[in-house]
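What follows is the residue order along each chain.
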Protein chains: 2
Amino acid sequence: MRIEIIPVEGLPLIRKGDDLAAMIAALVPLQDGDILCLASSVYSKAHGHTRPLASIEPGERARDIGRRCGEDPRFMQAVLDESTEVLIDHPFLLTCLAHGHVGVRAGVDQSNIEDGQLILLPPDPNAAADGIRHGIASAAGADVRVIITDTCGRSFRRGQTGIAIGWSGMTAIQDYRGDTDLFGHVLKITEEAVVDEIAGFANFVMGESNRGVPAVVFRNCPVWKGHDSLYFNADEDITRNALKKWNE
Amino acid sequence: MRIEIIPVEGLPLIRKGDDLAAMIAALVPLQDGDILCLASSVYSKAHGHTRPLASIEPGERARDIGRRCGEDPRFMQAVLDESTEVLIDHPFLLTCLAHGHVGVRAGVDQSNIEDGQLILLPPDPNAAADGIRHGIASAAGADVRVIITDTCGRSFRRGQTGIAIGWSGMTAIQDYRGDTDLFGHVLKITEEAVVDEIAGFANFVMGESNRGVPAVVFRNCPVWKGHDSLYFNADEDITRNALKKWNE
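Each residue is numbered by its place in its chain's sequence as written, counting from 1. Chain letters and ligand numbers both follow the written order, the letters beginning at A and the numbers at 1. Selection of residues for local features in this predicted model requires a pLDDT of at least 70, selection of side-chain atom pairs for listing and counting requires 80 or more, and totals for whole chains, interfaces and linings are taken over all residues. With hydrogens and water set aside, each side-chain value is computed from the structure's full complement of heavy atoms.

Trainee: Is there a simple way to explain the interface of chain A and chain B in this structure?
Mentor: Frequently, the measure chosen for interface size is the accessible area that the parts lose on association. Every residue pair with non-hydrogen atoms within 4.5 Å of one another is taken to be in contact. Each partner contributes to the interface: chain A provides 85 residues, whereas chain B provides 85 residues. Buried area is calculated as the accessible area (1.4 Å probe) missing from two parts once they are joined, with the contributions of both summed. Interface area for chain A against chain B, summed over the two sides, is near 7,500 Å², with a carbon-plus-sulfur share of 59%. If you sort the residues of chain A by the area they bury against chain B, Phe156, Arg157 and Arg158 of chain A come out on top, with a joint share of 14%. For this analysis, a salt bridge means a side-chain nitrogen from Lys or Arg found within 4 Å of a carboxyl oxygen belonging to Asp or Glu. The tally of links from chain A across to chain B stands at eight salt bridges. Measuring nitrogen to oxygen at the nearest pair gives 3.2 Å for the salt bridge that ties Arg2 of chain B to Glu4 of chain A. Here a polar contact is recorded for every N or O atom pair within 3.5 Å, except that within protein the pair must consist of a potential hydrogen donor and a potential acceptor, and residues adjacent in sequence are included only if both atoms are side-chain atoms. Taken together, the connections running from chain A to chain B amount to 41 residue pairs in polar contact (both at pLDDT 80 or more). Secondary structure elements are defined from DSSP: runs of H or I of at least 4 residues count as helices, runs of E of at least 2 residues count as strands, and each element is numbered from the N terminus. For the side of chain A that touches chain B, the element with the highest residue contribution is helix H6 (residues 194-206) of chain A, accounting for nine residues.

Trainee: Whenever I open this one, the pattern of salt bridges confuses me. Can you help?
Mentor: Pairing of side chains with opposite charge becomes possible as their charged atoms draw close. Residues and elements named next belong to chain B. All told, the structure shown has 30 salt bridges over all chains when counted by the stated rule. Among the salt bridges present, the one from Asp143 reaches Arg133, with a minimum N-O distance of 3.0 Å. Here Asp143, found in the loop between helix H5 (125-140) and strand S8 (145-152), pairs with Arg133, found in helix H5; they are ten residues apart in sequence, far enough to count as distant. What makes Arg133 partly exposed here is its relative accessible area of 22%. Residues Asp175 and Arg177 are paired through a salt bridge, measuring 2.6 Å at the closest nitrogen-oxygen approach. Think of it in three bands: residues with accessible area under 20% of the maximum for their type are buried, residues over 50% are exposed, and the middle band is partly exposed, with areas taken using a 1.4 Å probe on protein chains only.

Trainee: Can you help me understand unusual backbone geometry in this one?
Mentor: Most peptide bonds are trans, and most residues other than glycine sit at a negative phi. With an omega dihedral of 0°, the bond running from His90 of chain A to Pro91 of chain A counts as a cis peptide bond. Phi at Asn220 of chain A takes a positive value of approximately 75°, unusual for a residue other than glycine. By secondary structure assignment, the location of Asn220 of chain A is in the loop between strand S12 (215-219) and strand S13 (226-227). Judged by its relative accessible area of 34%, Asn220 of chain A is partly exposed. Phi is positive for Phe156 of chain B, close to 75°, though the residue is something other than glycine. Mapped onto the elements, Phe156 of chain B comes out in the loop between S8 and strand S9 (161-168).

Trainee: What am I meant to see in the relation of the copies chain A and chain B here?
Mentor: What connects the two chain copies is a rotation about an axis and a shift along it. With an RMSD of 0.0 Å, the fit of chain A onto chain B corresponds to turning through 180° and sliding 0.0 Å along the axis. Within this description, the copies of the chain are treated as partners about a two-fold rotation axis. For chain A, the smallest separation between a C-alpha atom and the rotation axis is recorded for Glu4 of chain A, amounting to 2.4 Å. Mapped onto chain B, 100% of the interface residues of chain A are again interface residues, and the two copies thus contact each other with one and the same surface. The atoms used to superpose the copies are C-alpha atoms, taken from residues with pLDDT of at least 70 in both, and the fit is least squares.

Trainee: Explanation requested: the packing of helix H7 (residues 238-247) of chain A against helix H7 (residues 238-247) of chain B in the structure shown.
Mentor: In helix packing, the relevant descriptors are the interaxial angle and the interaxial distance, both defined with respect to the helix axes. One way to put it is that H7 of chain A packs onto H7 of chain B with a least axis distance of 8 Å and a crossing angle of 85°. Taken together, H7 of chain A and H7 of chain B sit at an angle that is classed as roughly perpendicular. Across the interface between the two elements, Ile238, Thr239, Ala242, Leu243, Lys245 and Trp246 of chain A of H7 of chain A pack against Ile238, Thr239, Ala242, Leu243, Lys245 and Trp246 of chain B of H7 of chain B. Tallied by class, residues from the contact of H7 of chain A with H7 of chain B come to eight nonpolar, two polar and two charged. Between N-to-C directions, angles cover 0 to 180 degrees, with each direction set by a line fitted to C-alpha atoms, over the stretch in contact for helices. What sets the label is the angle itself: under 35 degrees gives roughly parallel, over 145 gives roughly antiparallel, 65 to 115 gives roughly perpendicular, and the rest give oblique. Put simply, Ala, Val, Leu, Ile, Met, Phe, Trp, Tyr, Cys and Pro go in the nonpolar bin, Asp, Glu, Lys and Arg in the charged bin, and everything else, Gly too, in the polar bin.

The quantities given are spatial measurements derived from coordinates; they are silent on function.
Right under this line is the structure:
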């Protein structure tokens, strides 16, 4: 069966208090089983997860990191405020967030918002996805699945890609344990991060900059079974431990 | 415009010498501008990039790594033979390949092939993509774009995702330098690894194990401009240097 990808076009600039679910449902006739990908920046603007840069008083650590990274110390303070652990503090600030995501600048961004404002990631991205899902059910009567996306760099490969930071109505990981291959062998590779694969393509369809497509609908996708342990624990992630040691 | 994703269903088990481009063109009516994603494993089987495990004589380093990682030393020798540099040799073997890709076990795999055989990555994945592209032009008269995909782990996040190892008819990176956001600000985030975002979703549609869908067609995708420097140089990649130091 063919999968259809529908860019949600025609959303205005989002302001605090906007009902995103109803606005999206009015633009695309959603169906049961659709997967809706939504850019975290748009969710955060609608829900007021923003900060005026001028209101931030940087502490000593933020000033030190700002000097070392060549960044505004108020921006660095906002990143520290969003973070539970600093992995490296130069040449860029890479931290872990409460929900498990590891990212440069904790996903704090200054794009597509008024001058002097910062957009933060939603503090509980899975709850954000739940909220959008229930909003779509109320507005359109459709039982959709939802992924909240962000854009993020990675190791070894240049360029950012879309990733999932929150999801609802699906598991993050597809688990193949016990499945067999075409020759009947039990698979050794057993876990596929399908929410990230979907979020990445959504990011491609959204585009950066001024295309103005912060939401994308996926129709006729396969369903899967698995679990939600998307993030490595600190003690099992070789890269995380190597970076911390390197940064000491 | 809606994007359509068409799984290529009905391919038989691929054998050395099979004309993959003609076989795919016979199953899906391809159109100019389509993006065809093809699993590297299937390309390698058609082109004989495989090795019988029993024929491999492990050297001292492969035997040492096999002991430390709990792996077959012949498999470790095959990985070393594919690699230009070892980044870490425990708890798993992570290496760099000649074309720039960094991956665990250098992408050498034992899934979906007869017992005792290893599938290697195509030695020149961009040339592989070129070959498929020209094969499609000959078989179907369509000017398609091609991505050769593999499945690969990553830092910080559990689960593998599809990535691009070769591409033809497009650039790997979409470059936004000089573009402005919705508020007219010049973008700081300028490079998006679109081939990986497309390869990831293709991997989701292919599925692992026994679904038997090693090729996926993307229709009506946006076009983009950019460059092909998908891989960080050794000296600019923090993770690579941190891992090497950690492993010493």
